[in-house]
Amino acid sequence: MKALLIVDVQNDFLPGGALAVSEGDLVIPVINSIQEHFDLIVATQDWHPPDHGSFAANHPGKNVGEFIDLNGVQQILWPVHCVEGSFGADFHADLHTDKWAAVFKKGTQQNVDSYSGFFDNNRRGDTGLSSFLKKEGITDLFVCGLATDYCVKFTVLDGLSEGFNTYLIADGTKAVNLEVGDYARSIKEMEQHGATVINSKDIFM
Ligand code: VGL
Ligand code: ZN
């Protein structure tokens, strides 16, 4: 059984948003075109309280891109983004959501960030995604969405460690690229851990 996992295709990660991924909007038609090929579709949603510890604005004197210690975990600081209930946290209006079986929210606790759709960054909190997929009989997990070098990468790595045959749909993802080369490095890291990188046209031809 094959599942499509759509990571964080939310307004704040799209052009014009608070943490915009360059060309992030290009993934939307790709993702819409492949949804019908899967037994199950699930999504993740970055969903932070306004006082979230990953926001530079909540650490006076600190800037976006600097690192802090958040509860014993190294944390890079981001602009305020995906605040619970805000427009920026909504899925893009063009994204087809009608066939989704479930949405898993992450980053909901003030004192820990969560890039992976499975677990938070200190691996204590569990979103329930893994047990949901297993209960549905999913063996193969196809991951797409934003951003390749953060939430998509950590979701793929956790998908592998949870025992799923995990695929990255390369043309269904775009990177933040805080540092030049982050996209290529993240692809390599996912492959080294056992992920298979494909394109949308390779799906079930
Ligand atoms: C993400 C940075 C902060 C992502 C979420 O979805 O890749 N990146 N929060
Ligand atoms: Zn976030």
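Residues numbered from 1 in each chain as written. Chains lettered and ligands numbered in written order. Predicted model: local features only at pLDDT ≥ 70, side-chain atom pairs only at ≥ 80, totals over all residues. Heavy atoms only, no water.

Caption draft 1: Focus on the overall build of the chain. Broken down by element type, the chain carries four helices and eight strands. Counting from the amino terminus, the chain carries its helices and strands in the arrangement β-α-β-β-β-β-α-β-α-β-α-β. Here the C-alpha radius of gyration of the chain, 16 Å, is about what a compact globule of 205 residues would show, namely 17 Å. For the chain, with 205 residues in total, the buried portion stands at 54%. Taken as a whole, the chain presents about 9,100 Å² of accessible surface, with 50% of it coming from carbon and sulfur. Across the chain, the 14 positively charged side chains and the 28 negatively charged ones have centroids separated by 5 Å. (Helix = DSSP H or I, 4+ residues; strand = E, 2+ residues; numbered from the N terminus. Rg over C-alpha atoms; globule rule 2.2 N^0.38 Å. Buried < 20%, exposed > 50% of the residue type's maximum accessible area, 1.4 Å probe, protein only. Areas by Shrake-Rupley, 256 points an atom, 1.4 Å probe, with all protein chains shown as cover. Lys, Arg positive; Asp, Glu negative; His and termini not counted. Charge placed at Lys NZ, Arg CZ, Asp CG, Glu CD.)

Caption draft 2: Structural detail: the sheet that holds strand 6 (residues 140-146). One open sheet accounts for six strands, arranged 5-2-1-6-7-8; its pairing is parallel. This sheet does not close on itself; its edge strands, each paired only once, are strand 5 (102-106) and strand 8 (196-198). Neighbour-to-neighbour, the strand axes of this sheet turn through a mean angle of 25°, independent of strand direction. Looking at chain direction, strand 7 (residues 165-174) and strand 8 are connected through three bridges and run parallel. What sits directly across from Leu 168, in strand 8, is Val 197. (Pairing = 2+ DSSP bridges. Axes fitted to C-alpha atoms, helices over the stretch in contact; angles between N-to-C directions.)

Caption draft 3: View of the state of the cysteines. Tallied over the full model, the rule gives zero disulfides. We note that Cys 82 lacks a disulfide partner, and the nearest cysteine sulfur, in Cys 151, lies 8.7 Å from it. What makes Cys 82 buried here is its relative accessible area of 0%. Sulfur of Cys 144: no disulfide; nearest cysteine sulfur belongs to Cys 151 and is 13 Å away. (Disulfide = S-S within 2.5 Å.)

Caption draft 4: Focus on the packing of aromatic side chains. Inspection of the entire model under this criterion finds 10 aromatic pairs. For the pair Phe 104 and Phe 132, a centre-to-centre distance of 5.6 Å together with 65° between the ring planes defines the contact as edge-to-face. In this pair, Phe 104 is assigned in strand 5 and Phe 132 in helix 2 (residues 129-135), connecting sequence segments 28 residues apart. For Phe 104, a relative accessible area of 10% corresponds to the buried category. Residues Phe 142 and Tyr 167 carry aromatic rings whose centres are separated by 4.3 Å and whose planes lie at 5° to one another, so their mutual orientation is stacked. Of this pair, Phe 142 sits in strand 6 while Tyr 167 sits in strand 7, placing them 25 residues apart in sequence. (Phe/Tyr/Trp six-rings, centres within 6.5 Å; stacked < 30°, edge-to-face > 60°.)

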